[in-house]
Each structure stands twice: as structure tokens, then as C-alpha cells.
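Descriptive analysis of the structure
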Amino acid sequence: MLSVINSATTLGIDGVIIKVEADISIGLQNFSIVGLPEASVKESKTRVQSAVKNSGFDIPPKKITINLAPADLKKDGTKFDLPIAIAILYALQNVREERLGETVIIGELSLTGELRPVKGVLPIAVETRDRGFKYLLLPEKNAPEASVVDNISVIPVSNLAQAISWLNKETEINYDRENNCIIRDSETEYPEDFRDVKGQEHAKRALEIAASGGHNIIMVGPPGSGKTMLARRLRTILPPMNFNESLETTKIYSVMGLLKTGISLIRNRPFRSPHHTISDVGLIGGGSIPKPGEVSVSHNGILFLDELPEFSKSVLEVLRQPMEDREVTISRALLSITYPANFMLVAAMNPCPCGYLGDPNHKCLCSYPTIQKYRTRISGPLLDRIDIHIDVPPVQYSELSSQREGEPSSRIRERVIRARQIQEERFRKHSNIYCNSQMTTRLIRKYCPLNSEAQELIRNAMEKLHMSARAHDRIIKLARTIADIEESEKIEARHIAEAIQYRTLDRNQFN
Ligand SMILES: Nc1ncnc2c1ncn2[C@@H]1O[C@H](COP(=O)(O)OP(=O)(O)O)[C@@H](O)[C@H]1O
Ligand SMILES: [Mg+2]
Ligand SMILES: [Zn+2]
């Protein structure tokens, strides 16, 4: 007797329907799973057998074969426990057919038959709907995650017996999807705010420009000068995510199992701050079934690399491709998966190995060659992708102790949103370009004409500060953003003058 059940898994950040077939035949007592299962799926056997028995059913001493189709797709995770158990019970005629054809089933079983939450439910729910299924039968704890998706009925169950009873139409389960769609934090509810930052007007201005034009930024300053504090606040001035951005970000969190229980949709932009000991795979993704890395977990948000020179050369090297393409493709023998990776990079570093170079309150003990060596750890090609460089000196005690609050993030964000609208309008005709930082040389020519005064200024700066041709383009892009914040259509000399200040690392001492 052969039975087929619909289940699903994820491939990248998309859901894929998997058919679970159970064949029970006369023969030596045996239980096997075929169809490229990874170790975690093979362990399913033990859980399923115990769960079925402890839910009050008998498994006869026969030959049971489970096939997961399509067979060429590697499958990991524990989400096939429930469909495997149901396929067996269907083959044994303990489950009626009626609802099976229009239901997708996922869930991990405990030995007692209780259901545990699984990863990747959001993409699976989207696929369930798109493929025309009516029901998604899943562990209770995963229900809020699935409830973002409309036009399907979410059927949460807490154990195997309940699942079977629903499939057999012995009980009805009415889950109020809309009222259970729990949206994590509205966009105005970040725990941090620029209001908390005293002084540092120069750094705050630079971060506003970074947010406005989508420019990557690096901050150089001694320990305690507030670099981490500033970086953590950048997302609070970015425009709120639209629904599609939220959905994409949530899908990545869902696949990674990072979604907090009970949360349906992430509204806050991610802020990720991986430690400098992170591996290439941890940063850009990979593994035998390729998982997303930090560049994708920070999709639509901020990737903060603190102590940039401490990261390994190879890690900084692999970062370049996603920065350029805004996605990462991981290729394996059997498949190739693309994950989105559209993040803003914020980097921080000390000015020298001891950290105190230029600090009025501490003496720097580093020799000139060690300072040089420290700084050249960041490769030119990576620096080339960082438009804004700023020095962040420690704030004076008098400023720190002042009672005056800084400008709140909400006000800064209003200006950022306006500047972004101007850019959206400008790049409407260019697909895949949304902000100034993404302009190619050709678009710079088109959208950033300079008057003679501005041209003269930039030529002088390049000569005096020994800047490269690449730096030249970056200054113009930044000047475009500065002009947009002012809602000035023309780029004036004063915009160029300010932009030049944000290229401190181009200046001779760094080359
Ligand atoms: N401008 C500032 N306004 C208010 N507090 C500050 C400021 N700069 C630093 N601090 C305080 O000092 C702490 C250390 O700052 P941090 O951001 O960790 O520095 P860094 O990352 O540069 O080493 C912060 O958590 C904050 O409490
Ligand atoms: Mg820090
Ligand atoms: Zn030093």
C-alpha cells in the first residue's frame, strides 16, 4: 500500500513542496528513508516510531519505506517528522484521505507525539498558498509566523493525535489568522535613539548622509569615543521597511530559525555585529545545504564590522562580491542558491594598534611602521566600496555631562526620507538602482553635473591630497547626496567641499 502526503522545505529563502511517500509491504521488519535525507532527517525514524506508538497506534512488523520527492533535492531539518508519521498512518488506514490532497504538513515530533516548532515556516506558507493548497498543518508555535500569508488556512496543532483528528474531520480547528499576525515592533520602536548621543555633530551628520544616500561608512577613533553607540543608531534614521522588504528579511530569519517565537513579521531593520573571529561561511553563507550568512541576515539593515583590521584577510575579501551585487550565490554540486544581501556596511577601527593615536588624553605608544601595518590590513578594494570615512574623536567631559539632548532620530529620519524620495524619482527609469551610492560612472556623468567652481575645488583637492580617480567619483556621489538633503537640484561647490571631508582615509598617510 502506497500513500502520498504533501510537505515542504526551503531552498534558499523560497519554499519547495516535497511529496512524502510511505510504502508498507510484507517483508523483513525494516524502516528506511530515501530521497537524499541528511542525518537530521534520518533521525526522524526514531522519533516517528515512538511518537506514533505513544499516540496510541500500532506499527506492524513490516517493511516500511519512506521516499522524499523530488529525490535530487537534499533535505535537512526535522520538519518531515509529522508528514512521515501521517504517511505511515495513512498507509495503515488510520487517516482518511479527504483533507490530505489540499493540505501541506510540517512539524517536528517529540518521542511522546508532541509537536515542536520548525524553521522556514514563512517561505513554506508563501509556497503553500502560491501552489494552490488550502491548509497548512503545523506546530502551534509556528502559527504566528505563517499567519502573515493570506489566502490559506493555518491549522496549528500541538500533537500528532490532534493532527490526525483534524485530518479525519473529527475536530475542527479555527485559527484566527488575522488577529494572530503579530508584527514585531513598529518601526518607531528601536531601543536606541540619536537623542542619547551627546556632541559628535560631525559623526551624526556623516551618518545622516550615509543613511540618505545608502553610503557605506567607516569610523576611525579611540576606544570609548562612541563608535559602537553611533553605529547602533544608524538604522533608527533609515526609512521604515516596506512590506516586501519586511517579508524578505523575515524569510531569512525564518530559514535561519532566528525569528522570535510568536513573531510574524519583522518590521525593524536588522543590525548585525559579527565578531571579528567570524569565518568566511559565517559571513557570506555556505555549508553542505547552503545557509545564509551574516551579509544576508543583515539584508535591508546594517552590517557592523567593529575592529575592522582584526577580521581575517579572506573574510574581508569575500565581502566584496555581496557588496557589489547585493546578493550572494552559493554553488554546490547539486544546486546553486542565491540569498539577498543588500546591507549597509558600517565599519569601525582604532586609529592605531593601541587605539590612542591623536587622543588628547592618552599617549599613543605605537611606532610608525606598526601603525602603517595596522592600517594596510584593510585592502584598497574594500576601502573603495566605503564612501564615507570619518574620524570620531572622544567627546569632551563637559559635553558628556551636559543635560542637553541631541536631535531625536525621528527628526533626522524625516530628512533622510525626503532625500530618498528625490533619489527614487531620479532613478525611476533605472531598474535596481535606488540611491546615490549605487550610481555607476555613467549615471554620475548624467546626474551630477558640476559647475566650474565645484570642478575647480575637486581638482585642487585631488592634487593636494593625492586622491585616486575612484575617490573622485565617490566625492561626487556624496556631494549628490548632500545636495539632495538640501533639496538642491544643482551640486554646488559647498557640497563638494563637505564631501571631500569624508575621505580622510584617502589622504596620504593611508596610502
Ligand atoms: N557622545 C556620547 N554621548 C553619550 N555617551 C557616550 C558618547 N560617547 C561615548 N559614550 C558612552 O561611552 C560608552 C562607550 O562608547 P562606545 O560606543 O562603546 O565606544 P567605542 O565603540 O568607540 O569604543 C557608550 O556606551 C556611552 O555610554
Ligand atoms: Mg566599540
Ligand atoms: Zn597607538
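All of these numbers come straight from a predicted model, not from anything done at the bench. (Residues numbered from 1 in each chain as written. Chains lettered and ligands numbered in written order. Predicted model: local features only at pLDDT ≥ 70, side-chain atom pairs only at ≥ 80, totals over all residues. Heavy atoms only, no water.)

1. Some remarks on the coordination of the zinc ion (ligand 3)
Rule in force here: Metal coordination here is assigned from N, O and S atoms located within 2.8 Å of the ion, or within 3.2 Å for Na, K and Ca; omission of water means that sites may look incomplete. Geometry assignment treats four donors as tetrahedral when all angles are between 85 and 135 degrees, treats four as square planar and six as octahedral when opposite donors are over 155 degrees apart and all others between 65 and 115, and treats everything else as irregular. In DSSP terms, a helix is any run of H or I states spanning at least four residues, a strand is any run of E spanning at least two, and both are numbered starting from the N terminus.
Protein-derived ligands of the zinc ion (ligand 3) are C352 (SG), C354 (SG), C364 (SG) and C366 (SG), with the metal-ligand distances lying across 2.2 to 2.4 Å. Because the angles between the 4 donor atoms bound to the zinc ion (ligand 3) fall within 104 to 113 degrees, the donor set is best described as tetrahedral. Positions of the donor residues of the zinc ion (ligand 3), expressed as sequence spacing, correspond to C-x1-C-x9-C-x1-C. Within this pair, whereas C354 is found in the loop between β19 (344-349) and α15 (368-376), its partner C364 is found in the loop between β19 and α15, the two being separated by 10 residues in sequence.

2. Here's the deal with the packing of aromatic side chains
Heads up, the condition is: Aromatic contacts are taken between Phe, Tyr and Trp rings whose centres are within 6.5 Å, Trp giving its six-membered ring; a plane angle under 30 degrees counts as stacked, one over 60 as edge-to-face, and the others as tilted. Relative accessibility under 20% of the residue-type maximum defines a buried residue, over 50% an exposed one, and the middle range a partly exposed one, all with a 1.4 Å probe and only protein chains included.
By the definition in use, this model includes 3 aromatic pairs. Between Y135 and W166 the ring centres are 4.8 Å apart and the planes differ by 80 degrees, which places this aromatic pair in the edge-to-face class. Of the two residues, Y135 sits in strand β8 (residues 135-139) while W166 sits in helix α6 (residues 160-167), which places them 31 residues apart along the sequence. W166 shares its class with Y135; the two are buried. When the centroid spacing of 5.7 Å and the interplanar angle of 90 degrees are considered together, the rings of F427 and Y447 count as edge-to-face.

3. Things to note about the site of ligand 1
This is how the line gets drawn: Working definition: residue near molecule or strand if any one of its non-hydrogen atoms lies within 4 Å of it. In protein, a polar contact means a hydrogen-donor-capable atom and an acceptor-capable atom, both N or O and within 3.5 Å, with residues adjacent in sequence counting only if both atoms are side-chain atoms; elsewhere, any N or O pair within 3.5 Å suffices. Following the grouping adopted for this structure description, the nonpolar residues are Ala, Val, Leu, Ile, Met, Phe, Trp, Tyr, Cys and Pro, the charged ones are Asp, Glu, Lys and Arg, and the polar ones are all others, Gly among them.
Neighbouring ligand 1 are 14 residues; K198, G224, K227, T228 and M229 lie closest to it. With respect to ligand 1, the backbone of G224 contributes an N or O atom lying 2.7 Å from an oxygen atom. In this structure, an oxygen atom belonging to ligand 1 sits 2.7 Å away from a side-chain N or O atom of T228. Broken down by element, the residue count for the shell around ligand 1 peaks at 3 residues, all from helix α9 (residues 227-233). Its residues assigned to classes, the shell around ligand 1 shows 6 nonpolar, 5 polar and 3 charged.

4. Observations concerning the sheet that holds β19
So the rule is basically this: When DSSP finds two or more bridges between a pair of strands, those strands are recorded as paired.
Spatially, β13-β16-β19-β11-β20 is the arrangement adopted by the 5 strands of the open sheet, whose pairing is parallel. Edge positions in the sheet fall to β13 (271-272) and β20 (388-391), since each has one partner strand and no second. Sheet topology places strand β16 (residues 302-305) next to β19; 4 bridges connect them, and they run parallel. The residue of β19 that forms the bridge with L303 is L345.

5. Some words on the pairing of strand β17 (residues 327-331)
A regular strand places its side chains on the two faces of the sheet in alternate fashion. Side chains V328 and I330 of β17 all project onto a buried face; the interleaved residues E327, T329 and S331 project onto a face where none is buried. Both β17 and strand β18 (residues 336-340) contribute to a ladder of 5 bridges, which runs antiparallel. Note that in β18 the partner of T329 across the bridge is T338.

6. Things to note about the layout of surface pockets
What counts, and what does not: Only protein atoms enter the 1 Å grid, on which a cavity is a set of points fitting a 1.4 Å probe that cannot get out and a pocket is an open set with protein on both sides within 12 Å along at least 5 of 7 lines, lining residues being those with an atom within 4 Å of a point. Grid points are joined across faces, edges and corners, and a volume is the space filled by probe spheres set on the points.
Space inside the second largest pocket adds up to approximately 380 Å³. Along its surface, the second largest pocket is lined by 21 residues, and T10, D76, K79, V255 and I289 are the ones closest to its centre. Only β1 (2-11) and β18 provide two or more residues apiece to the lining of the second largest pocket. The element that contributes the greatest number of residues to the lining of the second largest pocket is β1, accounting for 3 residues. Of the residues that constitute the lining of the second largest pocket, the class distribution is 9 nonpolar, 6 polar and 6 charged.

7. Things to note about the environment of H472
Put simply, the rule reads: Here a residue-residue contact requires only that any non-hydrogen atoms of the pair lie within 4.5 Å.
Along the chain, the position of H472 falls in helix α21 (residues 469-485). Placed 28 residues apart in sequence, H472 and I500 show a C-alpha to C-alpha distance of 9.1 Å. The contacts of H472, once residues within four sequence positions are left out, are I458 and M462.

8. Considerations on the pairing of β8
The buried count for β8 comes to 5 of 5 residues, which makes it a mostly enclosed element. Here strand β5 (residues 103-105) pairs with β8 via 3 bridges, running parallel. Considered in β8, the bridge of V104 is made with L136. Bridge count between β8 and strand β9 (residues 153-157): 5 bridges; the pairing is parallel. Note on β9: the bridge partner recorded for L138 is P156.

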